[in-house]
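What follows is the residue order along each chain.
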Amino acid sequence: LAAGPVRIDVVPGDADAGKTQLKRDDEVCPSRKQCGSDVVADESIHFTAVARDAFGNERDASSGVMELRVPDQAPTVLTDMGDGSYRGTLALRRANVYTIDAVLNSEPLFNSPFDLAIIAAPLQPSASVVR
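All chains use their own residue numbering, which begins from 1 and follows the written sequence. Local features in a predicted model are, by the rule used here, given only for residues with pLDDT of at least 70; side-chain atom pairs are given and counted only at 80 or more, and totals for whole chains, interfaces and linings are based on all residues. Side-chain calculation: all heavy atoms of the structure are included, whereas hydrogens and water are not.

## Focus: the nonpolar core
Then, in step 1: Working definition of a nonpolar core: buried Ala, Val, Leu, Ile, Met, Phe, Trp, Tyr and Cys residues. They are joined through side-chain atoms within 4.5 Å. Three labels apply to residues, based on accessible area from a 1.4 Å probe with only protein chains included: buried if under 20% of the type maximum, exposed if over 50%, partly exposed otherwise in between. Formed by 23 residues in total, the largest nonpolar core has its most connected members in L22, F47, L68, I100, L116 and I118.
Then, in step 2: Elements with a minimum of two residues in this core: β4 (45–50), β5 (66–69), β8 (85–90), β9 (96–104) and β11 (114–119).
Then, in step 3: Not counting the four nearest positions on each side in its chain, I118 is found in contact with V39, V40, A41, I45, L92, R94, A95, N96 and Y98. Counting from the N terminus, the helices are DSSP H or I runs at least four residues long and the strands are E runs at least two residues long. Any pair of residues with heavy atoms lying within 4.5 Å of one another is described as a contacting pair.

## Overview of the packing of aromatic side chains
Here a ring pair, both rings aromatic, is described through the centre-centre distance and the interplanar angle of the planes.
Then, in step 1: Under the pairing criterion, centres of Phe, Tyr and Trp rings, with the six-membered ring standing for Trp, must be within 6.5 Å; the plane angle then separates stacked pairs below 30 degrees from edge-to-face pairs above 60, leaving the rest tilted. According to the stated counting rule, one finds 1 aromatic pair in the structure shown.
Then, in step 2: A ring pair is formed by F47 and F114, whose centres lie 6.2 Å apart and whose planes are at 45 degrees; its orientation type is tilted. Here F47, found in strand β4, pairs with F114, found in strand β11; they are 67 residues apart in sequence, far enough to count as distant.
Then, in step 3: Given the relative accessible area of 1%, F114 is considered buried.

## Concerning unusual backbone geometry
Then, in step 1: Omega for the peptide link from S112 to P113 comes to 0 degrees, which places this bond in the cis form.
Then, in step 2: Note that P113 resides in the loop between β10 (107–108) and β11.
Then, in step 3: A positive phi is found at D72, a non-glycine position, where the angle reads about 65 degrees.
Then, in step 4: Locating D72 in the fold gives a position in the loop between β5 and β6 (76–77).
Then, in step 5: The backbone of S106 shows a phi angle near 70 degrees, a positive value even though the residue is not glycine.
Then, in step 6: Positionally, S106 belongs in the loop between β9 and β10.
Then, in step 7: Given the relative accessible area of 51%, S106 is considered exposed.

What follows is the structure, encoded as structure tokens:
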């Protein structure tokens, strides 16, 4: 252009659940594999996600409803931080390997579903009963 450089601002497109990854404890959950290390029953597990568009650009605005779905439990709705990111906490009470579905506007995230192993809490003699 004869007038010199032109500034072009590129803004992210609509959220694409398939490009959005859920993270736990500063670790990306591998696609369709276990998400990080084992967790003790009833411990709080903190999750964060940043919505991305179809080209992988981070969104900078609210993108809808993000949920963690665990069989036989009500969905855990992650808090929309209003800047494209979501945060939430999940606590599972029983030792088991859970398959968790993470969805944005009912569409699965990139790394969903994933398995999360919950191990039994240590024995507490004061809470034990001899029969």
